[in-house]
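Overview (structure and organization)
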Amino acid sequence: MGVSRRPAAVRVEIGEIVLDGFGVDPVRVSVAFENELSRLVREQGVPLAANGTVTVDALAGLPPLPAGLSARRLGQELARAVHQGLSGQGEVTP
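First, a word on scope: everything that follows refers to the structure included in this document. (Residues numbered from 1 in each chain as written. Predicted model: local features only at pLDDT ≥ 70, side-chain atom pairs only at ≥ 80, totals over all residues. Heavy atoms only, no water.)

A look at the nonpolar core
The line we're drawing: What we call a nonpolar core is a set of buried Ala, Val, Leu, Ile, Met, Phe, Trp, Tyr and Cys residues that are connected through their side-chain atoms within 4.5 Å. Residue exposure (1.4 Å probe, protein chains only): buried if accessible area is under 20% of the type maximum, exposed if over 50%, otherwise partly exposed. We count a stretch as a helix when DSSP gives it H or I for four or more residues in a row; a strand needs E for two or more, and each element gets its number in order from the N terminus.
With eight residues, the main nonpolar core is built from Phe33, Leu37, Val41, Val46, Leu78, Ala79, Val82 and Leu86. Looking at which element gives the most residues to this core, the answer is helix H2 (residues 71–86), with four residues. In this structure, Val29, Leu69, Ala71 and Leu74 belong to the second largest nonpolar core, which totals five residues.

Quick look at the structure:
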C-alpha cells in the first residue's frame, strides 16, 4: 500500500494583490480568483508543500496578464499564475 503525500489541508493566505492597468470590478476578480485557485489546489495540490509546511513571501517571474480580460477571466488567469508559482514554476522568495 502506498502512502499519500497530499496534506489533509492546504491553507493559502494572500495578503494583497495589486492590479494596475485593469478596469474591472475587483470583487468579481477576487471571487473568480478564489474559486479557480481552490479548484486547482483541490485537483492538483501544492507541489511546494508536498514535504510539509512551506511559507512563501513572494512569487515572481510569473507570466504577464493581458489588460483586456473580463473580471472573471482575469481572476482565473491570475489564480493559474499563482498556482504555477506554488507548483515550483517562477521565482519563489521564502
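Re the side chain of Gln76
The following threshold applies: Note on contacts: a residue pair qualifies if any of its non-hydrogen atoms lie within 4.5 Å across the two residues.
As for its position among the elements, Gln76 is in helix H2. Residue class for Gln76 comes out buried when judged on its relative accessible area of 13%. Among residues more than four places away in sequence, those in contact with Gln76 are Ala32 and Glu36.

A word on the environment of Ala71
Relative to the elements of secondary structure, Ala71 occurs in helix H2. A C-alpha to C-alpha distance of 5.7 Å links Ala71 and Arg28, two positions 43 residues apart in sequence. Setting aside chain neighbours within four positions, we find Ala71 in contact with Val24, Asp25, Arg28, Val29 and Ala32.

Describing the side chain of Glu36
Rule in force here: Think of a polar contact as two N or O atoms within 3.5 Å of one another; within protein, one of them needs to be a possible hydrogen donor and the other a possible acceptor, and neighboring residues in sequence only count if both atoms come from side chains.
You can see Glu36 is positioned in helix H1 (residues 26–44). On the basis of relative accessible area, Glu36 is assigned to the buried category, the value being 7%. Polar side-chain contacts of Glu36 include one of 2.7 Å to the side chain of Arg39. Ignoring any residue separated from it by four or fewer positions in sequence, one finds Glu36 in contact with Gln76, Ala79 and Arg80.

Overview of the pattern of salt bridges
Once their charged atoms are close, side chains differing in charge can pair, the charge on each being opposite to the other. Heads up, the rule is: When a carboxyl oxygen of Asp or Glu lies within 4 Å of a side-chain nitrogen of Lys or Arg, that pair is called a salt bridge.
Evaluation of the coordinates by the stated rule reveals five salt bridges. Note that Glu77 and Arg80 form a salt bridge whose closest N and O atoms lie 2.8 Å from each other. Placement of both Glu77 and Arg80 in helix H2 is noted, with a separation of three residues, approximately one turn of the helix. Members of the salt-bridge network, linked through shared partners, are Glu36, Arg39, Glu43, Arg73, Glu77 and Arg80.

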